[in-house]
Each structure stands twice: as structure tokens, then as C-alpha cells.
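# Coordinates in review
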Amino acid sequence: MKRTTHAARAAALAGAVALVLTACSGDADESSDDDAAGGESDGSPLVIGSLLPVTGSLAFLGPPEIAGVDLAIEEINEAGGVNGGDIEVVHGDSGDAENLAVAIQTVDDLLSQSVHVIVGAASSSVTFGVIDTVTEAETVMFSPANTSPGLSGYSDFYFRTAPPDSVQGNALGNLVAGDGHERVGILVFNDDYGTGLRNVVEETLVAEGVEVTYGGAADNEEFAPKQNNYEAEVQAVMATDPDAIVLIAFEETAVIVPQLFQAGYDTSNLYFTDGNTANYPDLDGGVLEGAKGTIPGAFPSDEFQERLLGVDPDLTEYSYSAESYDAVILSALAAQLGGTNDAATVQANLPAVSGAEGGTECTSYAECVELIDGGEDIMYVGQSGVGPFNEDNDPSSAFIGIYEYDAENAITWTEAIFGEVAG
Amino acid sequence: MAATLGGLMLAMSPAAAAAAAEECVASPELGCLSGSVRGGAGPADGVVILVEDPEGETETITTGDDGSWSVEIPANGSYTLTLDVGTLPEGEQLADPDQNPRQLRAVVGATRTVNFELGEPEAEAPSAESGEGGTDSLAGEDDGGDVILGDDVSTSSITPERVAQQAAAGLRFGLVLALASVGLSLIYGTTGLSSFSHGEQVTLGALLTYVFVSLMGWPLVPAIILAVLICAGTGWLQDVGIWRPLRRRGVGLVQSMIVTIGLALALQYLFQLVFGGGTVSILSYIPGTWTLGPVRLNIPSYYSMGISIVVLLAVGWFLLRTRTGRATRAVSDNPALAAASGIDVDRIIRLVWVMATGLAGLAGVLLALIFNGANWTLGMQMLLLMFAAVTLGGLGTAFGALVGSLVIGMVVEMANLVIPTDLKYAAALVILILVLMVRPQGILGRAERIG
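Fair warning: this is a prediction, and the values are worked out from it, not measured in the lab. (Residues numbered from 1 in each chain as written. Chains lettered and ligands numbered in written order. Predicted model: local features only at pLDDT ≥ 70, side-chain atom pairs only at ≥ 80, totals over all residues. Heavy atoms only, no water.)

## So, the overall build of chain A
Per the secondary structure count, chain A includes 12 helices and 14 strands. In chain A, once contacts between residues fewer than 6 apart in sequence are set aside, the share between residues at least 24 apart is 64%. Summing over all exposed atoms, chain A offers an accessible surface of approximately 14800 Å²; the carbon and sulfur share of this is 49%. (Helix = DSSP H or I, 4+ residues; strand = E, 2+ residues; numbered from the N terminus. Contact = heavy atoms within 4.5 Å. Areas by Shrake-Rupley, 256 points an atom, 1.4 Å probe, with all protein chains shown as cover.)

This is how it looks when you write it as C-alpha cells:
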């Protein structure tokens, strides 16, 4: 049923896009029947659309991501554009998963403006909501922030510069084991994100010889999300006498942490994931001090932060800015390598420019274009530090940031961990 | 820059490099490989690890007292780690000899963790090969040494202390649940209406207190009193604005029930709109705890239990001893007869609505204090439990609601001692079904009916 709706919508869209394109081509002098995926080698520019959160619960992630896109556009055009023409950008709002209509509307808009690459969305749930429409229109969808394992290899037209959760789970497991904990309880909510991440964390811990005392995959000890009362779960995990607890949850964290604290648990031995590694100003000072969390992605270097501030002087957060920047640079390089500005070319050449087949490392658009013009294979090593795409169009390796809580229950970046994507 | 650093590093003597490596911290120009060597007997110090970089240069690292080691990575590439097994402490061996030497990629700007685990080489396998009793029992003893609680955590972690603790939590939850259920039961008793919007009255109490205390900075006690009064006021308004007109027009109970469902949904999403989807907490700090024997609960829990008991006793006294209370029972027994004998039925019903919504608001405040937070779904989650409690105790009997609430509270809090934790609410409802099969009228179905 759902499939039919999507198919119908995609068909309608494809029709609309074709109409719009025909209208455009009619005005232009030479091109005849281009469709959305067809080659437009007549010097028309590469158009990037952004599907990033301007409103909704993830709106705080929007400004750094948009700044990353804008900075990349600026630098590409300074370096002479793509295939001789300036790259263009159309910004759109993705909203959040609770208001999926916003993203659907934006995608319709972007596709009607015949963008070749859509950078977004930030939330995996939003991506799941629109990815069929985008990829059936044979437009590249390139997310800077999706970490859901379910998106691995979802479509030939889907790429991401954020690593799937398996990398984060591995890094988190190693972090906990490396801190010398030997008995670890996992409090995880019964949700795809939670259990998927839990499985990787547990595997890593067990491989390091750490005992998982609670919440393992075989234990059936996941809790129901969005409760207010976690007394029973807290008592159960405490009864297994863990010396560290990995808490994988979203909003529930704000309720569980005080309940753990009141049950007498040393909350400085808590470990969070990107779902809940955030500032908790409402908690008592020092409650989380020493607790740690992981967020995928490299912490942008000072120099890159400066460049971002040049685009948007009001930035205070930098999450996923490097990943957004790299998504645009990689797309432009793929078009440059293929020699035409269209989605199919970008899709076909993205693995190559990311270095999937090896090549000379280059770190900026101008440098990489020079190598391409010289006929060399390239490997773009960007700001986010992710490795070449694998067969699933996932980055084959990535950085995971480790954050630690200070006395104000705010996170500070401490270090980056390097991890490879399994399989 | 990176190249210079790399050159410097390689030029250093192994000992100096090892010393420097103790503090390897990844920076934009430098990466780290780090990890530890440890096993059941603790960390192993003085273990030598050879690190071969992509150019074939080898660096020698020795683990420190805590078994940890780290080495600086000046350039991206593939590194080979070889642990010199001859330097392991006596009697120790690598748990996975296939992982030595280990080849892996490391990059500038990040730390990569590589741990070497010591122990029986087939430590993972013995359970599969039960024939090899010798290794098996050895491994088991090793585990037993570190682990106080044996292997099967889900059964052996049930201690008397934990049972007492969770029973106390169940009593606490049951008493507060009773505050809300008694109101639901009174409404059902006097009007025959199952009010699905009762859960939102609970949420309202919690959120109003949040507004007064956290946003407006009032002291807790006046805030609670005002919030409960406002909740009671909404009961009065509802009766004037909705329920009395509906009764006047002779709208059936089923239709009225649908109205309460609509009201519940409208209120839920109104709360979400105003307060957002997140959890809000009334107090700006985490309250302390008191320990009584094996039981450790936060201080609001003790107050909440006290308040619940006092209020429930007051409600009981009102119903049994006061003139209005007796009138209330008369109305639920037979409204027509009650009206004929001079009781103002509408006035009684309005009083019941005011009481019920006030009690629900109080329950909401107490729950939010006990659990350190409330969100827009607080009442929705409670609603089924309230219905279960009311039905379990005996429909329409106030004391039945109390008994039913205590049972439901206990079951919810103690269920995870025996079944998976996310089935705890389901367990409460299974108990409901079982009890009703044996006693269709509920536990106190015959005792003290409200009328």
C-alpha cells in the first residue's frame, strides 16, 4: 500500500520534473529531451539542494550544516566551479521526523527545481521518509548526519559522510573497556537505534573480555521508551553491580540519570551515545562530571572553524559541519571527474573521488581538481576524516568524537577515535 | 609540519619514545595508537610491543603499570603491531594468538584503541566443547574470582534487599496511583461514565506545578496547593460546560465516553504544544534520599506516601462519616431515588468531579516529584493502570480502587524480577484478567459500595 503511494508520488514527480525540464530546455537553444537523470552537458550548472533542519527538534543542527554547505559552495566557485560553471545551491528545510510533511514538501520543491544532489537529511527517520522519492527520481541523496544501519546500501543513489552506528558502537565499547571497567550494564531502550547500537557495543565489550552484566542482546532487558518511571529498571541494573553503565536512550535520559543518582550509583561512570550526549543544564552541577559520551564525526579544526565563521559569524555549534562540507566537495569532484553536471555522473563517480579505488590524496577542491585535470586518480581526504565509500556507499572508516562532562553537566570534546566500518 | 614531527619521533630512542607516548593525545597534526594489555589477573606491565610504521621503521613500546601503552602516529597508513609474547608475565598468554601480529590502519587526528586480552586461548569456546571439562571448570573458576554474583545474572541478582526495595517502590507507586484511581472510581460510581480524560488531569497537575515552581520561582508547597485547586477548578468547569449539558440532553454513556476520549486527545496535544515533547522537572535539583533498612527512596517519595495516606483516609472519612459523603453514596446507588429524597444530584455530581480532578492533579504532582520529571504523556501512561486498578478492586468502590492500585503498583514495580522489563505494564493487565476470572466483581466488589 505504502509502496504504491510512493510509486504514484514518484511517478507524478517524475512527470512534473520532466515537464519543467522540457519547458526549460525549450527556452534554451539546443538541448532536446533531457530527463532528470539525463546528461545536461550544455554547460548548465551543478545544482545542490539542501534538506537540512531549519525548524523542528533538530533545528540546532541546522546552522553548522548549512554553513558547511555554503562554505563548500564558496570555495568551489573560487576554484573555478564545476566543469567550467559555478555550482549553485537551493536551501530547503527538512523539519523533523514528527513533521515529515515539511521534508516531503521540500523534496518536491527541490526536485521541481531539478537539483542534482540533495544534501540531507540530518535525521535518519526523515531520510527514511523521503529517500524513495529522491532516489526514484534518480537524484543523489547525500546525508551528512544519518547513522542508521538500515540505510547502509539502501540505494545506489544514497551516500553519507556520517558513519553507521556500528563504528560508534565499536568506539564506545573500546572507550569503556579502555577506561578499565570490567562489569558493564547496558540500559537500552527498545528502539531500532538503541538495540542496533547495543549489539555492537556488547560485541566489542565481550571481545575485550568485559562482562556485560545487564541489558545484553540475549537478556530481554530493554526498557520501553518514553516512560516516566524507571525505578524497576534502575534497581535491576544496580543489582548486577556494574562498575560502568552505558545508557542508550533519547529524552528518557533526563529522567533516568536522577533515578540512577538517587539509587546510589556513581553517575560519573555513565557512558552516553550520540542520542543523548548533550548538555544537561537542568541537572545539579557535577552530577554528570566525568561521564563520557560519543558523537560520530571529527571535531572541526580551529582553522576550519574560522572558515565556517567567515560564512556564518553566528555559529556556536559545529556538529556535522565538516560532514556537510565534504558532501558538497565530494559531489562537485564526482561531477568534475565525470565531466558532466548531472546526478547520474555524480552517483557513478562518488566512490572513485572518495578514493575507493585508491589514488593520490588531496585535501581541498582546488588541489583535487588539479590532479583530476592531470589525469590522476584521487582520494579526497576531507574535513570529516571519513574513509573512501565501501560497496554500501557508507564511509569505510570514520572518526568518533569522545566528549566528557564537566562540572556544569556540559560536554567538552576530548579526543577523536578512529574506527573502521565492518563488512 | 607533520613530517618534521614524524622525523623527530622516529629519531628518538625507544625508551624516550615510550615515555613520551604515555601521554599521547591526538591533535590535528598527530594520531595515536593506544590500548592496554590485561587479563583476568589484571593489567600486565613491562610487555613489549613492536610498532612498525608504513615505511617499515619499527618502534618499541613497553606497557606501563596499568597495562596501558600508546604510540604517536605522525602519518596516515597501515601499521603492524607485534606483541612480544616472551615479555608477558609468567603463566600468561594471549587469549587470541591469531590477533598477533595485528595489522591496522591509523590516521593523524584521532586515537585508535587496540587492546590485547590475556587468558585461556579458547576462553570463548569451552561452553561449546563441554567434553573438555578441565579447561571448562578452570575458566569458570577464573570468572568466579572476579564476579561475586555468579554467571546467571537474571536469577542470581534477586536478593532480599532488591525485593524489599522494589516492593517499597511498588507501595509508593500504588499509593499515588490510588489517589488518581479513587477519583476515577467516584466518577464512575456516581455517573456511570468511564472518563478517559482522567489521565490528562494527572498530567495537568504535574505541568501546572512545573510552571509555578520552575518557571515562576514559587516555593513548592503553595505551588502544589494552587495547582491542585486549579485542577479541581477544571473539574467544576468541565461539569458546568460539558457533562451537565450532556446529561440534560440525555446523551448516552457511550457517547459521553467518546467525548472524554476526544477531550483526552485534545488535552494531550495541547500539553505537547505548550510544553514540548521533552521531560520537564519541577525541582531544579535532584532531591536527596533516605535509607530505611534495605530500602532507599528519594525524600519526595516518603512525603508522597504520607500525603497519599492522609488524603485517602480523608476521602474515606468523607464518604463514610459526612452528610455529603453519604449523599454521594446515595446518588451512586440510585440517582432517581436520591433526587426524590431531596438530594441535589447535580450538586453531588459536580462535587465528585471537583474532588476527582483535584485528586488526580495531586497524584500528578507527586508522581512528577517522585520520578524527577513529567512529560505530556505522564497521564496517558497512567490511565490504563488506573482503569486496571479500579476494575481489579471492584468497579465504583472507592476502597476497591485503593486495593486495586496497591496490587497494580506492586506488580508494575516488581514484575521485572521474573519477566522482561518492558513487559511490566502487560503483567499488571494480565493480573487483572486472572483476578476477574476468579472474582468477576473485583477484589472488593461486595464491600463498601459507594452507594
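## Points about the packing of aromatic side chains
We describe a pair of aromatic rings using the distance from one ring centre to the other and the angle between the two ring planes. Taken as a whole, this structure holds 22 aromatic pairs over all chains when the rule is applied. Geometrically, the ring pair formed by Phe142(A) and Phe159(A) is tilted, given 6.0 Å between the ring centres and 45° between the ring planes. With Phe142(A) in strand E4 (residues 140-143) and Phe159(A) in strand E5 (residues 158-160), the pair connects residues that are 17 residues apart, well separated along the chain. Exposure remark for Phe159(A): the relative accessible area of 0% places this residue in the buried category. Between Tyr210(B) and Phe275(B), the ring centres sit 6.1 Å apart and the planes meet at 65°, which makes this aromatic pair edge-to-face. Residue Tyr210(B) is found in helix H6 (residues 198-215), and its partner Phe275(B) is found in helix H8 (residues 253-275); the two are separated by 65 residues along the sequence. Accessibility expressed as a relative area gives 14% for Tyr210(B), which makes it buried. Residue classification places Phe275(B) among the partly exposed residues on the basis of a relative accessible area of 23%. Three or more aromatic residues link up through ring pairs in this structure, and these residues are Phe189(A), Tyr193(A), Phe223(A), Tyr230(A) and Phe250(A). Taking NZ or CZ as reference, Arg102(B) lies 4.7 Å from the ring centre of Phe116(B), over its face. (Phe/Tyr/Trp six-rings, centres within 6.5 Å; stacked < 30°, edge-to-face > 60°. Buried < 20%, exposed > 50% of the residue type's maximum accessible area, 1.4 Å probe, protein only. Lys NZ or Arg CZ within 6 Å of the ring centre and 35° of its normal.)

## Here's the deal with the sheet that holds strand E4 (residues 58-62) of chain B
Residue and element names in this part refer to chain B. The 4 strands are arranged E4-E3-E6-E7 in an open sheet whose pairing can be described as antiparallel. Looking at which strands have only one partner, the edges of the open sheet turn out to be E4 and strand E7 (102-106). Taken pair by pair, the neighbouring strands of this sheet meet at an average axis angle of 30°, ignoring direction. By the bridge criterion, 5 bridges tie strand E6 (residues 77-83) to E7 in an arrangement that is antiparallel. Its bridge partner being in E7, Leu81 is matched across the sheet by Arg102. (Pairing = 2+ DSSP bridges. Axes fitted to C-alpha atoms, helices over the stretch in contact; angles between N-to-C directions.)

## Describing the UniProt feature "domain: Leucine-binding protein" (unreviewed entry) in chain A
The residues that UniProt annotates with the feature "domain: Leucine-binding protein" (unreviewed entry) are residues 46-354 of chain A. Helix makes up 43% of residues 46-354 of chain A and strand 15%, whereas the separation of the span's terminal C-alpha atoms amounts to 19 Å. (UniProt positions renumbered as here; feature names shortened; annotations may be inferred.)

## Brief notes about the pairing of E4(B)
Residue and element names in this part refer to chain B. By the alternation rule, side chains of E4 split into Glu59 and Ile61, which are all buried, and Thr58, Thr60 and Thr62, of which none is buried. For strand E3 (residues 48-52) and E4, the ladder comprises 5 bridges, and the chain directions are antiparallel. What sits directly across from Ile49, in E4, is Ile61. Counting the residues between successive antiparallel strands, the hairpin from E3 to E4 contains 5 residues, one of them, Gly56, with a positive phi of roughly 90°.

## A look at the environment of Thr139(A)
Mapped onto the fold, Thr139(A) is located in the loop between helix H4 (124-136) and E4. Once residues within four sequence positions are removed from consideration, Thr139(A) is found in contact with Leu111(A), Val115(A), His116(A), Val117(A), Ile118(A), Val134(A), Phe157(A) and Ala343(A).

## A closer look at the domain arrangement of chain A
Residues and elements named next belong to chain A. If you check the domain split of chain A, you get domain 1 (43-163 + 299-359) and domain 2 (166-296 + 400-422). Counting residues at the interface gives 4 residues for domain 1 and 7 residues for domain 2. Between domain 1 and domain 2, the buried area comes to about 570 Å², and carbon and sulfur atoms account for 68% of it. Among the residues of domain 1 in contact with domain 2, Pro163, Phe299 and Tyr320 are the three that bury the most area, contributing 70% of the side total. Connecting domain 1 to domain 2 are 0 salt bridges. Here domain 1 is connected to domain 2 by 0 residue pairs in polar contact (both at pLDDT 80 or more). Looking at side-chain class alone, the side of domain 1 that touches domain 2 contains 3 nonpolar, 1 polar and no charged residues. (Domains from an automatic or database assignment. Buried area = accessible area lost by both parts, 1.4 Å probe. Salt bridge = Lys/Arg side-chain N within 4 Å of Asp/Glu carboxyl O. Polar contact = N/O pair within 3.5 Å; in protein donor to acceptor, adjacent residues only side chain to side chain. Nonpolar A, V, L, I, M, F, W, Y, C, P; charged D, E, K, R; others polar.)

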